[in-house]
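Topology and contacts: notes
One-letter residues, chain by chain:
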Amino acid sequence: MFDIEKIRKDFPILKRDVYGKPLIYFDNAATTQKPKAVVDAIAEEYYSVNANVHRGVHFLSQRATELHEEARETVRRFIGAESSEEIIFTRGTTESINLMAFSFGEAFIKEGDEIIISAMEHHSNIVPWQMTAERKGAKLKVIPISDEGEILLDEYERLFTGRTRIVAVAHVSNVLGTANPVKEMIRMAHERGVPVLVDGAQSAPHMPVDVRTLDADFYAFSGHKVYGPTGIGVLYGKKEWLDRMPPYQGGGEMIKNVSFLKTTYNVLPYKFEAGTPDFVGSHALAVALDYVNAIGMDNINRHEHELTTYAVDALSSLKDVRFIGNSASRCGVVSFLLGNVHPFDVGTLLDRLGIAVRTGHHCAEPLMHHYGISGTVRVSFGLYNTKSEVDAFIAGMERIAKMF
Ligand code: PLP
């Protein structure tokens, strides 16, 4: 059952004040707060298990290795992957996409080839591909979007040529909240033999994800956005692709044998995990995934959908509010502008009321150019947010609207 009061008690930070006002945290798309179970798991592992993984015969090393590999299995289950060999631990979505852009790029992208991304991507799903395109002499093609903030599927279809090598697209936009029709987009790409990387930074925290139902070839997400710690993330890749991709970084763990003449590489997933992994982070991430699973991703999705609809309806009743993105599929994120008021001013005034929102370009400058704006105010929900918090936010917005 979804018992919001019980859930809120699991997050100690929600009890704190900001400027003498109860904290209202609406910046969940940037990072989520952590349940006590996650923070305790980190402390507990450092206090009673800490030892480097994979290399040790001693008790602690073996226990730490078990926790790390059990975490990989928890991630596998969370996204419905076939095998834990397909789960690579990274530092987060950004590193996952950089790994992809480098390694997939080395294996499969040549001069004159094409990479498709969308107009609503986060910088971390633009810049790594631009770097690959530059290195390889390849071309970046961009799927246009409607003013409502939805991908134009006809235009998408027209971008494919015989030189298209990969599609990289956000599952959910961190600015518009649009949940893209990635299943359909993957089907269309596969008809042409093109693999798809789904940037799941904003979907993993908000909806059930099954990479096999989507038939995604690659899927990336960040632990810290799904109630886990910072510094740990995931790249899922189908084995058939990962097997054909070269390592991204060299060092310990990723090798089978090293000599000065020739080095051979480890099996999946270790081939892509050079150096000491964040084995405390991986375990804490698994605790976070167990936590959200116990509540139920469907329940979380329903709750956040209700909050989003409630907030959009309430904001619509304010004069001079303009939404940036208005997709019916909107998932947990609302971006808007208030008349000509600078988003930074709205954010600063809300902050004084204890309400944390994000303002600016949200690492999506090309999307801002599309709308001809420099930034937005963004409210993004997490599983612990409530309608009464939305009411307090709307009351704050009414005050701010009056001031201008
Ligand atoms: N992709 C999307 C859609 C995001 O919203 C973000 C972060 O906001 C990222 C990628 C990058 O995530 P991280 O900074 O955790 O690597």
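Preceding this paragraph is the structure being described.
Presented here is a report on the structure given in the accompanying data block. Note that the coordinates shown come from a computational prediction; the quantities given were computed from them, not determined experimentally. (Residues numbered from 1 in each chain as written. Predicted model: local features only at pLDDT ≥ 70, side-chain atom pairs only at ≥ 80, totals over all residues. Heavy atoms only, no water.)

Here's the deal with the packing of helix H3 (residues 59-79) against helix H10 (residues 279-295)
Packed helix pairs are specified by the crossing angle of their axes together with the interaxial distance, meaning the distance between the axes. Where we set the bar: Orientation is described by axes fitted as lines to C-alpha atoms, over the contacting stretch for helices, and by angles from 0 to 180 degrees between their N-to-C directions. Secondary structure elements follow DSSP: runs of H or I of four or more residues count as helices, runs of E of two or more count as strands, with numbering from the N terminus. Convention used here: angles under 35 degrees read as roughly parallel, angles over 145 as roughly antiparallel, angles from 65 to 115 as roughly perpendicular, and any remaining angle as oblique. A crossing counts as left-handed when the near helix is turned anticlockwise from the far one by less than a right angle, and as right-handed when that turn is clockwise. Only heavy atoms matter for contacts: two residues are in contact if any of them lie within 4.5 Å across the pair.
The contact between H3 and H10 brings their axes to 8 Å, and the two run at 40°. Looking at the two axes, H3 sits oblique to H10. The handedness of the crossing between H3 and H10 comes out as left-handed. Two secondary-structure elements touch here, H3 through Ala64, Leu67, His68, Ala71, Thr74, Val75 and Phe78 and H10 through Phe279, Ser282, His283, Leu285, Ala286, Leu289, Asp290, Val292 and Asn293.

Re the site of the ligand
This is how it is decided: Summary of the distance rule: residues count as near a molecule or strand when at least one heavy atom falls within 4 Å of that molecule or strand. As used in this structure description, the phrase polar contact means that two N or O atoms lie within 3.5 Å; if the pair is within protein, one of them must be able to donate a hydrogen and the other to accept it, and residues adjacent in sequence are counted only when both atoms belong to side chains. Under the convention used here, a 1.4 Å probe and the Shrake-Rupley method define accessible areas, while residue burial counts only the protein chains that appear. Three categories are distinguished: nonpolar for Ala, Val, Leu, Ile, Met, Phe, Trp, Tyr, Cys and Pro, charged for Asp, Glu, Lys and Arg, and polar for the others, with Gly belonging to the last.
What surrounds the ligand is the set Ala29, Thr93, Thr94, His122, Ser124, Asn174, Asp199, Ala201, Gln202, Ser222, His224 and Lys225. Here histidine 122 contributes a side-chain N or O atom positioned 3.5 Å from an oxygen atom of the ligand. For the ligand, whose accessible area on its own is 390 Å², the fraction buried by protein is 86%. Tallied by class, the residues present in the shell around the ligand amount to two nonpolar, eight polar and two charged.

Digging into H10
In plain terms, the rule: In this scheme, a helix's expected span is set at 1.5 Å multiplied by one less than its residue total.
Relative to the 24 Å expected for 17 residues at 1.5 Å per residue, H10 spans 25 Å between its end C-alpha atoms, a close match to the ideal helical length. Positive phi shows up at glycine 296, right after H10, with a value of about 105°.

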